[in-house]
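Below are the chains, spelled out letter by letter.
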Amino acid sequence: MSENWVTVSSKSIKKPSQVQKKQNGSASVGKPTYSDAPKAPVFGEKSQFDALTVVNKKSRPPTPKADGDVAKPKSSIPRPSKKDGAKKSGAKHTLEAVAPTLSGQQFEELYQKNRELFPDNPLTWLKDLTGNLNLKLDQLGQANPVFSGQPEDYPSCLIKPEVKKVLNKSIRDCSFDMLQVFVEQLIQSITTDMSKGFSVYGSQIVAQILLKYKPQLSALQTKKFQELVIANKNFPAKCQTIMWVLGQGGVHNLDVGLKVWSAVMLPVIEVKALAPYAVEYLTKLLKKHADGVDKVGSVIDMQQYFLVFDATFADNFSLHASLRKVMRAHYPTLKKLTVGKMSGNAFQKSFPSFLARLKSTSAQTDIQKELLEDAALTLVSEPQCFHVWQKVYPEYVVQSSVLLNHLADNWQENCSRGLDYKLVKETVNSFKEKNRSYSNKTVGLEASTSACLRFDEVQIPAARSSMSLSQSILIVIFLAVLSLVAFDVHQNGGFKGSTSRKLLKDSGIDVIVANLFSHLSSTFTIIKKFLIKNVPIWIETTVVYVEPALDFIWNYAVAGVKYLLAVSKPLRMWLAENVPYFIDWLIMHPVWTILYNYLVDIWSLIEPYLQTVQEKVQQMF
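The next thing to look at is the overall build of the chain. Looking only at helices and strands, the chain has 26 helices and zero strands in total. Each of the 621 residues in the chain was classed as buried or not, and the buried ones make up 38%. Here the analysis covers contacts within the chain between residues at least 6 apart in sequence; of these, 76% occur between residues at least 24 apart. For the chain, the exposed area adds up to about 36600 Å²; of that, 60% sits on carbon and sulfur atoms.

For the structure on display, the rule yields ten salt bridges. Two residues, Arg357 and Asp310, come together in a salt bridge whose shortest N-O distance is 3.2 Å. Of this pair, Arg357 sits in helix α15 (residues 344-357) while Asp310 sits in helix α13 (residues 302-313), and the two are 47 residues apart along the sequence. The salt bridge partner of Asp409 is Arg454, with a shortest N-O separation of 2.7 Å. With a gap of 45 residues between them, Asp409 in helix α18 (residues 397-409) and Arg454 in helix α21 (residues 445-463) connect regions that are remote in the sequence. On the basis of relative accessibility, which here comes to 26%, the residue Arg454 falls in the partly exposed class.

This part is about helix α10 (residues 236-247). Helical geometry: 3.6 residues make up each α-helical turn, so side chains three or four residues apart lie on a common side. The first and last C-alpha atoms of α10 sit 16 Å apart over twelve residues, in line with the 16 Å expected at 1.5 Å per residue. Most of α10 is tucked away, with eleven of its twelve residues classed as buried. Taken together, the buried positions of α10 are occupied by Ala237, Lys238, Cys239, Gln240, Thr241, Ile242, Met243, Trp244, Val245, Leu246 and Gly247. On the buried face of α10, the contacting elements are α7 (176-195), α8 (201-213), α9 (222-231), α11 (254-265) and α12 (275-288).

Let's shift gears to helix α16 (residues 366-381). In this model α16 runs 22 Å from its N-terminal to its C-terminal C-alpha over 16 residues, within 8% of the 22 Å that 1.5 Å per residue would give. Within α16 the residues assigned to the buried category are Ile367, Gln368, Glu370, Leu371, Leu372, Asp374, Ala375, Ala376, Thr378, Leu379 and Val380.

Next up on the list: the confidence of the model for the chain. Per-residue confidence for the chain averages 77 on the pLDDT scale, and 80% of its residues sit at or above 70. Taken element by element, the chain is modelled with least confidence in helix α2 (residues 82-90), mean pLDDT 37, and with most confidence in α10, mean pLDDT 94. Note on residues 1-91: pLDDT is under 50 here. Beyond four places in sequence and across chains, it has 140 contacts. For the stretch residues 459-466, pLDDT sits under 50, and the model shows eleven contacts to residues farther than four places along the chain or on other chains.

Let's shift gears to the environment of Arg436. Within the element layout of this structure, Arg436 appears in helix α20 (residues 421-437). Using a relative accessible area of 63% as the deciding quantity, one classes Arg436 as exposed. Through-space distance from the C-alpha of Arg436 to that of Thr449 is 9.3 Å; in sequence the pair is 13 residues apart.

What follows covers unusual backbone geometry. Cis geometry is adopted by the peptide bond preceding Pro155, which originates at Tyr154 and carries an omega value of 10°. Mapping Pro155 onto the fold places it in the loop between α5 (122-136) and α6 (161-173). For Phe147, which is not glycine, the phi dihedral falls at a positive 55°. Secondary-structure assignment places Phe147 in the loop between α5 and α6. For Phe147, a relative accessible area of 5% gives the class buried.

Under the criterion given, the structure shown has 21 aromatic pairs. Relative to Trp389, the ring of Phe386 has its centre 6.5 Å away and its plane inclined at 35°; by these criteria the two rings are tilted. Of this pair, Phe386 and Trp389 are both found in helix α17 (residues 385-392), three residues apart, which corresponds to roughly one turn of the helix. Each member of the pair, Phe386 together with Trp389, is buried. Cluster of aromatic residues (ring-pair linked, three or more members): Tyr305, Phe306, Phe309, Phe313, Tyr331 and Phe354. Directly above the ring of Tyr213 sits Arg172, whose terminal nitrogen or CZ lies 4.2 Å from the centroid. Over the face of the ring belonging to Tyr213 we find Lys214, whose NZ or CZ atom lies 5.2 Å from the ring centre.

Thresholds applied
Residues numbered from 1 in each chain as written. Predicted model: local features only at pLDDT ≥ 70, side-chain atom pairs only at ≥ 80, totals over all residues. Heavy atoms only, no water. Helix = DSSP H or I, 4+ residues; strand = E, 2+ residues; numbered from the N terminus. Buried < 20%, exposed > 50% of the residue type's maximum accessible area, 1.4 Å probe, protein only. Contact = heavy atoms within 4.5 Å. Areas by Shrake-Rupley, 256 points an atom, 1.4 Å probe, with all protein chains shown as cover. Salt bridge = Lys/Arg side-chain N within 4 Å of Asp/Glu carboxyl O. Expected span 1.5 Å × (residues − 1). pLDDT = per-residue confidence, 0-100. Phe/Tyr/Trp six-rings, centres within 6.5 Å; stacked < 30°, edge-to-face > 60°. Lys NZ or Arg CZ within 6 Å of the ring centre and 35° of its normal.

See below:
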């Protein structure tokens, strides 16, 4: 497709092929066609906009940067006159006004043209469509890079279904590795274009559609994207746009969303301009996937967890009070995703960090309570942490005394959670020996000694919960009698000729047991007759009273099914339209040919052996 576009000027617009010249002798560029652009645009080297507009990039000045820094146009690029500016301001240059007007036919023609020009390069098709979309939306400016207050499918919901269908086709033409490269180049292109003051709405729309199809692409290069965000943290609009693009994977996948948030957004949560969006994204993510939190694996490591902890509780952390309040609301969930899913090795590495953050004061502040609770949970979850505690004790004498006092104050609760008393006793004895070797001037020595003595006075008796002597004697007697009876029965060849049977008969216990069995048998017979007589009556009465309710439930169930069928009609129509395309693609995929060839090779290898086995089986029978 050859698409014509015009540069707005104060002159009247003439035919596309003409080149107008101004009265003062300076050149004014006419309307170049899309075919004048390079055949295979290189997306991401300079920028996707530059790749598509090499010919006409001198025909219009860039729009102001989103970060407030205006790109300086070259002297050869004419600025629009006041009259031009008046015309532009009068027109409705908004995303809501322009996006719905994009022609699906034009994108389809461009897609087909690229397929003909570059038949073996589907990545180029997608890059070209993205660049063309950016070109059509470039003059709108980038006022709101994260689309605050808009639906989760904004701005892709603004474009026509025909345009979206073309983009989806182009995305599905690319392999997973191609899409991974495309995402990296897309992010880099966004930073380049925004530096030049260009709008990146087109890139955001394509990214939103792509990451709905393959959400995991967001979480593949988080380290690289984290470095990019940190490097541009002084340019909030750039960072917010990158965060928004990567966050689109989390809209449809909680695991991906948490990885992106913890790896890309959390490290810059202390940046004042970026913190609101990072907290807002986390809130939306956990709200949307509230039912799936328990199914998520360990996606937040301990280093990230301590950053969450400091952002939530530390007074010296630069986070606004309102955002800190929101983080405290989310903290239990984030703690569950981290501490609740840690392995033993992670517990051992994190325990010194809990000790280091404890304060010597006895005041139970929120941060102190949370640290003590987490440290106790670590000791319960991983017993090896006691050995780590003994090693680092000389560095954390004061903090250890605080933790020991906490364990003593909540001993019964900790024991019910599985705290090992033997390891506690061993650790306390180790601390006592080390305290004897320290001088009296050691900081925290007195408090640690006092805390250790608490376990001698209070905790040891409470921890000794063994079986009483009388219970033990009764169990021994019962086992001895049972063993004698079993030996007697075995020695006499059965219970009837055994000494135990004679003793029961002589003592009258045999008669009592026989009478008891007779009474039980007669009682069972009476109950059986009663049930045979009354159960049919009960069933008939139940049917009379329950049948109307069952009819009522059935009618509502039928109405519910009809409603679901009506509501799901668009989805079923979409499936009916797209599933055949997917099946055709699946059938035509080269993997089946490869699989068939492998099966043929395998069969050719095992066929001689099967014939030999078959002959041997026939000889046997």
